[in-house]
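Chain by chain, the residues run as shown.
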Amino acid sequence: AATPATVTLNLSLPHEAIYEGASVYRVIVPGIEGEFGVGPGHVPVVAQLKPGVLQILHEETSEPEKYFVAGGYALTHENSTTDVVVPEAVKLDDLDSAVVQKQYESAKS
């Protein structure tokens, strides 16, 4: 079988699906054993995720869309479909570093 030109991405949380059947160039996953990229034709793999940044490249030359994920699993299938299932994901662009720093400081005190 021919290798697909893209990765089909499903990114799911318990309460919503962020992507269902999205066609992307590459997904960079924060695996518990190290970060790895999934491109078209990647070998099937199941990986546990550590808290970190999941990166989605919609095109080869595009800036990655970044999500902080709190762990979870990534399953890459033979047909270049990757399912990423996480308990929580927050788009990095939606985080306000000043608010995060303030809450961090108050949590420490």
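Heads up: the structure comes first, above all this text.
Basis of the calculations
- Every chain begins its residue count from 1, and numbering advances along the sequence as written.
- Selection of residues for local features in this predicted model requires a pLDDT of at least 70, selection of side-chain atom pairs for listing and counting requires 80 or more, and totals for whole chains, interfaces and linings are taken over all residues.
- The side-chain numbers reported here are obtained from all heavy atoms of the structure, hydrogens and water having been left aside.
- Under the scheme used here, helices are H or I runs from DSSP no shorter than 4 residues and strands are E runs no shorter than 2 residues, and both carry numbers assigned from the N terminus.
- A simple rule labels every residue: compare its accessible area, found with a 1.4 Å probe on the protein chains alone, to the largest value its type can have, and call it buried under 20%, exposed over 50%, or partly exposed in between.
- Pairs of residues are marked as contacts when any of their non-hydrogen atoms sit within 4.5 Å.
- For every accessible area listed, the method is Shrake-Rupley and the probe measures 1.4 Å; residues are considered covered only by the protein chains on display.
- His residues and chain termini do not enter the charge count, which takes Lys and Arg as positive and Asp and Glu as negative.
- To locate a charge, take atom NZ for lysine, CZ for arginine, CG for aspartate or CD for glutamate.
- Patch rule: a residue counts if its relative accessible area is over 30% and it has no salt bridge; like charges are joined within 9 Å, and nonpolar side chains (Val, Leu, Ile, Met, Phe, Trp, Tyr) within 5 Å.
- Whenever a carboxyl oxygen of Asp or Glu lies within 4 Å of a side-chain nitrogen of Lys or Arg, that contact is scored as a salt bridge.
- Residues grouped as a nonpolar core are buried Ala, Val, Leu, Ile, Met, Phe, Trp, Tyr and Cys residues, joined through side-chain atoms within 4.5 Å.
- A helix's residues, less one, multiplied by 1.5 Å, set its expected span.
- Under this definition, polar contacts are N or O atom pairs within 3.5 Å; protein pairs additionally need one hydrogen-donor-capable and one acceptor-capable atom, and for neighbouring residues in sequence, both atoms have to be side-chain atoms.

**Notes on the overall build of the chain**
Phase 1 of the analysis: When helices and strands are counted, the chain shows 1 helix and 8 strands.
Phase 2 of the analysis: Starting at the N terminus and walking to the C terminus, you meet the elements of the chain as β-β-β-β-β-β-β-β-α.
Phase 3 of the analysis: In terms of its C-alpha atoms, the chain occupies a principal-axis envelope of roughly 60 × 25 × 25 Å.
Phase 4 of the analysis: Going through the 109 residues of the chain one by one, you find that 32% of them count as buried.
Phase 5 of the analysis: Considering only residue pairs separated by 6 or more positions, the chain has 49% of its internal contacts joining residues 24 or more positions apart.
Phase 6 of the analysis: With an accessible surface of roughly 6700 Å², the chain has 51% of that area assigned to carbon and sulfur atoms.
Phase 7 of the analysis: Within the chain, the 15 negative side-chain charges are centred at a point lying 10 Å from the centre of the 6 positive side-chain charges.

**So, a nonpolar patch on the surface**
Phase 1 of the analysis: A surface patch of nonpolar side chains, amounting to about 310 Å² of accessible area, comprises F68, L92, L95 and V100.
Phase 2 of the analysis: By the secondary structure assignment, L95 is in the loop between β8 (89-91) and α1 (97-108).

**Considerations on the nonpolar core**
Phase 1 of the analysis: L11, L54, I56, V84 and V86 are the most contacted members of the largest nonpolar core, which has 19 residues in total.
Phase 2 of the analysis: Among the secondary structure elements, those contributing two or more residues to this core are β1 (7-13), β2 (16-24), β3 (26-31), β5 (45-57) and β6 (65-76).

**Quick notes on α1**
Phase 1 of the analysis: With 12 residues, α1 ought to run about 16 Å at 1.5 Å a step, and its terminal C-alpha atoms sit 16 Å apart, in line with that.
Phase 2 of the analysis: For α1, the N-terminal capping position is held by D96, with its side-chain oxygen 3.0 Å away from the main-chain nitrogen of A98.

**A short note on the side chain of Q55**
Phase 1 of the analysis: The topology assignment puts Q55 in strand β5.
Phase 2 of the analysis: The class for Q55 is buried, based on a relative accessible area of 15%.
Phase 3 of the analysis: The residues contacting Q55, other than those within four sequence positions of it, are R26, V27, I28, E35, P64, E65 and K66.

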